[in-house]
Amino acid sequence: MIDGFIALYIFMLAAFTGYEVIGRVPTILHTPLMSGSNFVHGIVLVGAMVALGRADTTLELVIGFLGVALGAGNAVGGYVVTERMLEMFKSSKPAGGPAAGKKH
Amino acid sequence: MGSGIASVLVSASYLLAAFLFITGLKRMSSPVTARGGIVWAGAGMVVATIATFFTPDMGNIVLILVAIALGGGVAWITGKRVAMTDMPQMIALYNGMGGGAAAAIAAVELFKGEAHSTVVLALAVLGGLIGAVSFSGSLIAFGKLQDLIKRSFRFRGQNFVNLALLLASVLVGASLVLAAAGPVPGMVTLFFGLALVLGVTMTLPIGGADMPVVISLYNALTGLAVAFEGFVLNNAAMIIAGMVVGSAGTLLTQLMAKAMNRSLANVLFSGFGETAGPQGEVSGSMKPIDAADVGVMMAFAQKVIIVPGYGMAVAQAQHKVWELAKLLQERGVTVKFAIHPVAGRMPGHMNVLLAEAGVPYDVIYDESEINAEFDNTDVALIIGANDVVNPAARTDKSSPIYGMPILNADKSRNVIVIKRGKGAGFSGIENGLFFLDNTHMLYGDGQAVAAALIQAVKAL
């Protein structure tokens, strides 16, 4: 699978990709994009799932459970707030009226 | 690792997820496609999560489902309910959760104490350290922005204490990597304890306008931690997604620090506003004005530039402000919004709020686009902004914000400052702008004042 230098190549190419993707972003999208990238590292969820999936002792189970719950929080919360922010960029014509997010 | 059909399918799903993440981020970097971008990335997350259940040797499926429902459910509810103005701290909170999850992966691996190569162990430890610091640091950042932690704690030798903590965590971490018989549980606990404390002591002294930079930094750090743990678990989706966020987040952090003319080291190691000597004296007096007069002044102006800041967010005044701007536009006044890169608590924070109110983005300008225009502007209306219009940044070498590019609102013919009271702003720095001859103060809650201005303009 992935080992040694192959992993280093992946590290390097992914780093360049991130740099390029964000390099041309207009300021107005900085917050949504930070939020979006915050969502993307929610992929940590799958790692936590694997860790919990292989946990044996009580300690490992507790830590693994916490990890999955936190990872799911990162992924779901990151998605919800990013989606809500980007929803407002739907069109350039004035939409007026209070947007979503005023729910009680 | 098994080489059956299941593991091939899992790998293929991760490849697809990585493609969807990168495409999603790419689409999020343009206003036209941004909305779809998060959906692409979201699809990637769903694909990767479902595929993971089919990883060979997966047990504890029920526990996993319960944990996902619990963490995801709480995040879903809080994320849906939070007001737009509180977004920055929610991002900090969710980011901290990601860091915590990365640290948890490292902890499980280290407690298991299975035989790993030195490189794998080193990356597990490094990712655990970064993840734990990001976890506790982000929680402190959340507490500060949520006003749960009201002041910045500083003491002499703080940097020394932080350095000592960092060294101690690295040393204990190294001992975990090098231990011949595998990591000792007691040392693993000590390691994570040190890392968590380091995150707290690193973040507590940071305050003021530096907060957004710190949140962005922790976002990048969590990405790195995820990438390292991805290496440990042999998980390509985690390596790619984590590294992309790590580098994108680092670039974003640098852009932000640069917008404030502060280096990252400066943000982290010198408490905001503490290093400077005595600040230059501010002389003169603040002259109050009432809404009716300001209404007349703006209605008969040719050009008005509105400068929003965090105060507008707190007062939820963005809808009223846009209503006012539309009224002025109907009277033939040119109205523009000027946004400083670090106005609010995050870069682009103000843009999000104005977008929420329905302000089209072609009347919104950033600092470099609009600064030359203040010279021929009749009225600069400043709503809850403070440091980003403080002329001391241009003139006063002793000011903590000296050198930060600011909006030159003081150069317009009239400056109206809407402000709740007479005190200094978030950063605690006096603002000479308030005392200038062409400046008048309009005291009150942003939303109430904007409503009063609307009435004043309508009455004409």
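Just above sits the structure.
Residues numbered from 1 in each chain as written. Chains lettered and ligands numbered in written order. Predicted model: local features only at pLDDT ≥ 70, side-chain atom pairs only at ≥ 80, totals over all residues. Heavy atoms only, no water.

Caption draft 1: Layout of a nonpolar patch on the surface. Residue and element names in this part refer to chain A. On the surface, a cluster of nonpolar side chains totalling about 790 Å² of accessible area is made up of F5, I6, L8, Y9, M12, L13 and F16. Tracing the chain through its elements places I6 in helix α1 (residues 5-23). Under the relative-accessibility criterion, I6 is labelled partly exposed at 47%. (Patch = residues over 30% accessible without salt bridge, like charges linked within 9 Å, V, L, I, M, F, W, Y side chains within 5 Å. Areas by Shrake-Rupley, 256 points an atom, 1.4 Å probe, with all protein chains shown as cover. Salt bridge = Lys/Arg side-chain N within 4 Å of Asp/Glu carboxyl O. Helix = DSSP H or I, 4+ residues; strand = E, 2+ residues; numbered from the N terminus. Buried < 20%, exposed > 50% of the residue type's maximum accessible area, 1.4 Å probe, protein only.)

Caption draft 2: The interface of chain B and chain A, seen in detail. At the junction of the two partners, chain B supplies 104 residues and chain A supplies 88 residues. In this assembly, chain B packs against chain A so that about 8,600 Å² is buried in total across both faces, 76% of it on carbon and sulfur atoms. Counting the surface chain B buries against chain A, the share from its top three residues, B:R35, B:I38 and B:M45, is 7%. Our count for the chain B to chain A interface comes out at three salt bridges. The salt bridge involving A:E60 is made with B:K112; its shortest N-O contact spans 3.4 Å. The interface formed by chain B and chain A includes 17 residue pairs in polar contact (both at pLDDT 80 or more). Breaking the side of chain B that touches chain A down by element, the ones donating at least two residues are α1 (5-28), α2 (34-52), α3 (61-81), α4 (87-112), α8 (211-232), α9 (236-259), α13 (318-330) and α14 (349-357) of chain B. It is α4(B) that contributes the most residues to the side of chain B that touches chain A, 16 residues altogether. Here the side of chain B that touches chain A is built from residues that sort into 68 nonpolar, 28 polar and eight charged. (Contact = heavy atoms within 4.5 Å. Buried area = accessible area lost by both parts, 1.4 Å probe. Polar contact = N/O pair within 3.5 Å; in protein donor to acceptor, adjacent residues only side chain to side chain. Nonpolar A, V, L, I, M, F, W, Y, C, P; charged D, E, K, R; others polar.)

Caption draft 3: Quick peek at the packing of helix α4 (residues 58-87) of chain A against α4(B). Two numbers describe how α4(A) lies on α4(B): the axes approach to 8 Å, and their chain directions differ by 155°. Considering their axes alone, α4(A) and α4(B) lie roughly antiparallel with respect to each other. For the crossing formed where α4(A) meets α4(B), the hand is left-handed. Taken together, the residues that form the contact of α4(A) with α4(B) break down as 15 nonpolar, nine polar and three charged. (Axes fitted to C-alpha atoms, helices over the stretch in contact; angles between N-to-C directions. Parallel < 35°, antiparallel > 145°, perpendicular 65-115°, else oblique. Left-handed = near helix turned anticlockwise from the far one by under 90°.)

Caption draft 4: View of unusual backbone geometry. All names here are of chain B. Within the chain, D147 stands out as a residue other than glycine whose phi angle is a positive 65°. Structurally, D147 is set in the loop between α5 (118-145) and α6 (158-178). Unlike most non-glycine residues, Q316 shows phi in positive territory, near 55°.

Caption draft 5: Molecular detail of the nonpolar core. Of all hydrophobic cores here, the largest spans 162 residues; its most connected members are A:I43, B:F337 and B:L453. Among the elements that make up this core, the one with the highest residue count is α4(B) (17 residues). (Core = buried A, V, L, I, M, F, W, Y, C linked by side-chain atoms within 4.5 Å.)

Caption draft 6: Structural view of α2(B). With 19 residues, α2(B) extends 28 Å from end C-alpha to end C-alpha; this agrees with the ideal 27 Å at 1.5 Å per step. All buried positions along α2(B) are accounted for by B:A34, B:G37, B:I38, B:A41, B:G42, B:G44, B:M45, B:A48, B:T49, B:A51 and B:T52. Next to the buried residues of α2(B) lie α2 (30-40), α3 (44-53) and α4 of chain A together with α1 and α3 of chain B. (Expected span 1.5 Å × (residues − 1).)

Caption draft 7: Geometry of the packing of aromatic side chains. Inspection of every chain in the model, using the stated rule, returns five aromatic pairs over all chains. With a centroid separation of 6.2 Å and 25° between ring planes, the pair formed by A:F11 and B:F231 is classed as stacked. Placement of A:F11 in helix α1 and of B:F231 in helix α8 is noted, with the two residues assigned to different chains. The exposure class assigned to A:F11 is buried, which follows from its relative accessible area of 9%. For B:F231, a relative accessible area of 14% gives the class buried. Relative to B:F192, the ring of B:F191 has its centre 5.1 Å away and its plane inclined at 70°; by these criteria the two rings are edge-to-face. A relative accessible area of 10% places B:F192 in the buried class. Between B:R331 and the ring centre of B:F300, over which it is positioned, the NZ or CZ distance is 5.4 Å. The ring of B:Y365 carries the charged tip of B:K336 above its face, separated from the ring centre by 4.8 Å. (Phe/Tyr/Trp six-rings, centres within 6.5 Å; stacked < 30°, edge-to-face > 60°. Lys NZ or Arg CZ within 6 Å of the ring centre and 35° of its normal.)

Caption draft 8: Up close: the side chain of B:D378. All names here are of chain B. Topologically, D378 is positioned in the loop between α15 (367-370) and β4 (379-383). D378 sits in the buried class, given a relative accessible area of 15%. Within the structure, the side chain of D378 is placed 3.0 Å from the backbone nitrogen of K303, a separation counted as a polar contact. When near neighbours in sequence (up to four residues on either side) are disregarded, D378 contacts A301, Q302, K303, R413 and N414.

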